[in-house]
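Structural characterization, general
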Amino acid sequence: MAFINRRNYDHATGSKTGVLLVNLGTPEAPTAAKLRPYLREFLSDPRVVEIPRLLWLAILHGVILRIRPKRSAHAYASIWTEQGSPLAVHTKALTRKVSDKLGDKAIVDFAMRYGSPSVSSQIDSLINQGAERLLVLPLYPQYSCSTTASVIDAVGNDFRQRRWLPELRTIHQYHDDPNYIQAVADSISDYRQQHGAADLLLFSFHGTPQRYLLDGDPYHCQCQKTARLVAEKLGLSKDEYKVTFQSRFGKAQWLQPYTDATLKSLPTLGTKSVQVVCPGFSADCLETLEEIKVENRDYFLAAGGERFEYIDCLNSSDTHVELMTQLIEQHTQGWPITVDRSGTADRARNHES
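Below you will find a few notes about this structure. (Residues numbered from 1 in each chain as written. Predicted model: local features only at pLDDT ≥ 70, side-chain atom pairs only at ≥ 80, totals over all residues. Heavy atoms only, no water.)

A closer look at the overall build of the protein chain
On a plain count of helices and strands, the protein chain comes out with twelve helices and eight strands. In terms of C-alpha radius of gyration, the protein chain reaches 22 Å, essentially the compact-globule figure of 20 Å for 353 residues. Its C-alpha atoms give the protein chain principal-axis dimensions of roughly 70 × 55 × 40 Å. For the protein chain, buried positions account for 50% of its 353 residues. Long-range contacts, defined as pairs at least 24 residues apart, comprise 79% of the intrachain contacts of the protein chain with a sequence gap of at least 6. As presented, the protein chain carries roughly 16,700 Å² of accessible surface, and 50% of it is formed by carbon and sulfur atoms. Positive and negative charge centroids in the protein chain, built from 40 and 40 side chains respectively, lie 6 Å apart. (Helix = DSSP H or I, 4+ residues; strand = E, 2+ residues; numbered from the N terminus. Rg over C-alpha atoms; globule rule 2.2 N^0.38 Å. Buried < 20%, exposed > 50% of the residue type's maximum accessible area, 1.4 Å probe, protein only. Contact = heavy atoms within 4.5 Å. Areas by Shrake-Rupley, 256 points an atom, 1.4 Å probe, with all protein chains shown as cover. Lys, Arg positive; Asp, Glu negative; His and termini not counted. Charge placed at Lys NZ, Arg CZ, Asp CG, Glu CD.)

See the structure below:
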């Protein structure tokens, strides 16, 4: 096979550290034509759908890709902005701010696991900017085989094609990182200072099949721990918050309790006001803005609820930028900032100055 080579490589060029933030992805436009290739890539990932391959591909191409793109396009259109997909807008802004904060310490860029810019194209870009060390930071606080592991798969598949490989580190999760917990708690506190509290704070995480938990995936436990630590930081009792799971797909049993079913039942149990936060999402996207803020809000109000409020994701807030910066600095410890070819570390000079 022909390997991918470094372009314009110069032996005199100093080595640098590259940081790649990776989010899930988004279609290029809210149209069926643009949704089809995006969904094909996403739903073809064996990490996302663990069904016997030939059977699933027949269902995917024979049924789902004929029906779902049009339905999904309508949902995406309802949240699309002038700048594009909210997920892309927030991820770009976060990356730019983190890059500005780190300065010359690293080259920072972002990729989408599905869609554009791809993981492979951004690794290529970082390498050709002189990155000889690479830190990959999937923007999923809680580890799951269907998210974090898929990003690592994409990096591994890219590396298999390269002649020269950078040093590699990955951040698998940060679900209980004190700075992450504080950032989520602060976002809730700030919201409540402006709007007041509700009867119940609902932590809604993206769901996964129940079987993943039984097979050893730590995602469910990490979601529970995140919610518990944030609730403790806020001083909430166990009766003042609840953990649920959203976005289930297919007929198999997924992690419970389900967000939609919970919101439909809460008014009958006396809960008339609810605030929902989605700390498993680093940036607002279809699942938070359309599924939670619109669809599930309607379920709650139709069932007799009186007040429903959604608390934004961390997005590109200052606390999120600080969190990302601290994670990057923590996980690049021991790596030189830049190294010239004579073997003199710039870091040593920095420490002397």
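Description of the packing of helix α6 (residues 178–195) against helix α8 (residues 219–234)
Interhelical geometry of α6 versus α8 gives an angle of 55° and a closest axis separation of 9 Å. With respect to α8, the element α6 is oriented oblique. For the crossing formed where α6 meets α8, the hand is right-handed. For the pair α6 and α8, contact is made by Tyr 180, Ile 181, Gln 182, Val 184, Ala 185, Ile 188 and Ser 189 and by Thr 226, Leu 229, Val 230, Lys 233 and Leu 234, respectively. (Axes fitted to C-alpha atoms, helices over the stretch in contact; angles between N-to-C directions. Parallel < 35°, antiparallel > 145°, perpendicular 65-115°, else oblique. Left-handed = near helix turned anticlockwise from the far one by under 90°.)

Section: the side chain of Thr 95
Within the secondary structure, Thr 95 sits in helix α3 (residues 86–102). Among the polar contacts listed, one links the side chain of Thr 95 to the backbone oxygen of Thr 91, at a separation of 2.8 Å. Apart from residues no more than four positions distant in its own chain, Thr 95 is found in contact with Leu 21, Val 108, Asp 109 and Phe 110. (Polar contact = N/O pair within 3.5 Å; in protein donor to acceptor, adjacent residues only side chain to side chain.)

A short note on the packing of aromatic side chains
According to the stated counting rule, one finds eight aromatic pairs in the structure shown. Ring geometry for Tyr 38 versus Phe 42: centroids 6.3 Å apart, planes at 20°, classification stacked. With Tyr 38 and Phe 42 both in helix α1 (residues 32–44), this residue pair falls four residues apart, about one helical turn. Assigned by exposure class, Tyr 38 and Phe 42 land together as buried. Relative to Tyr 241, the ring of Phe 203 has its centre 5.8 Å away and its plane inclined at 90°; by these criteria the two rings are edge-to-face. On the criterion of sequence distance, the pair formed by Phe 203 in strand β5 (residues 200–206) and Tyr 241 in strand β6 (residues 241–246) is long-range, its members being 38 residues apart. Considered together, Phe 203 and Tyr 241 belong to a single accessibility category, that of buried residues. Put simply, the rings of Tyr 38, Phe 42 and Tyr 114 pair up and form one aromatic cluster. (Phe/Tyr/Trp six-rings, centres within 6.5 Å; stacked < 30°, edge-to-face > 60°.)

A look at a nonpolar patch on the surface
On the surface, Ile 51, Leu 55, Ile 59, Val 63 and Ile 67 cluster together into a nonpolar patch covering about 380 Å² of accessible area. Its place among the elements puts Ile 51 in the loop between α1 and α2 (53–79). (Patch = residues over 30% accessible without salt bridge, like charges linked within 9 Å, V, L, I, M, F, W, Y side chains within 5 Å. Salt bridge = Lys/Arg side-chain N within 4 Å of Asp/Glu carboxyl O.)

Some points on empty space enclosed by the protein
Taken as a whole, this structure holds two cavities of 30 Å³ or more when the rule is applied. In terms of lining, the largest cavity is formed by 14 residues, of which the most central are Val 184, Pro 279, Phe 281, Cys 313 and Leu 314. With three residues, α6 is the largest single contributor of residues to the lining of the largest cavity. Estimated volume of the second largest cavity: approximately 40 Å³. In this structure, the second largest cavity is lined by Ile 4, Asn 5, Arg 6, Asp 124, Ile 127, Asn 128, Arg 162 and Trp 164. In terms of residue class, the lining of the second largest cavity is made up of three nonpolar, two polar and three charged. (1 Å grid on protein atoms, 1.4 Å probe; cavity = no way out; pocket = protein on both sides within 12 Å on 5 of 7 lines; lining within 4 Å. Points joined across faces, edges and corners; volume = space filled by probe spheres on them. Nonpolar A, V, L, I, M, F, W, Y, C, P; charged D, E, K, R; others polar.)

Some thoughts on helix α10 (residues 286–302)
Along its length, α10 shows its largest kink, about 35°, at Ile 292. One or two residues past the end of α10 sits Gly 304, with phi positive at roughly 110°. (Bend = angle between axes of the 7 residues up to and from the residue.)

Let's talk about the layout of surface pockets
Each pocket or cavity is described by its volume, and for the second largest pocket that value is around 270 Å³. Lining the second largest pocket are 15 residues, with Ser 187, Asp 190, Ile 311, Asp 312 and Cys 313 sitting closest to its centre. Contributing elements (two or more residues each) for the lining of the second largest pocket: α6 and β8 (307–311). Sorting elements by how many residues they give to the lining of the second largest pocket places α6 first, with six residues. Residues that form the lining of the second largest pocket fall into these classes: six nonpolar, six polar and three charged.

Section: the sheet that holds strand β2 (residues 107–115)
The sheet built from four strands is open, its strands ordered β2-β1-β3-β4 with parallel pairing. A single partner strand is all that each edge strand has here, and the edge strands are β2 and β4 (167–170). Across this sheet, the average inter-strand angle for adjacent strands is 25°, counted without regard to direction. Pairing of strand β1 (residues 16–26) with β2 involves eight bridges; the strand directions are parallel. Paired with Leu 21 across the bridge in β2 is Phe 110. (Pairing = 2+ DSSP bridges.)

Observations concerning the pairing of strand β7 (residues 273–277)
Most of β7 sits out of view: five of its five residues are buried. Burial along β7 is two-sided: the residues Ser 273, Gln 275 and Val 277 and Val 274 and Val 276 are all buried. In this sheet, β7 lies alongside β5 in parallel orientation, the contact comprising four bridges. Paired with Leu 201 across the strands is Gln 275, a residue of β7. For the crossover that starts at β7, traverses α10 and ends in the parallel β8, the hand is right-handed. (Right-handed = clockwise from strand over helix to strand, strands pointing away.)

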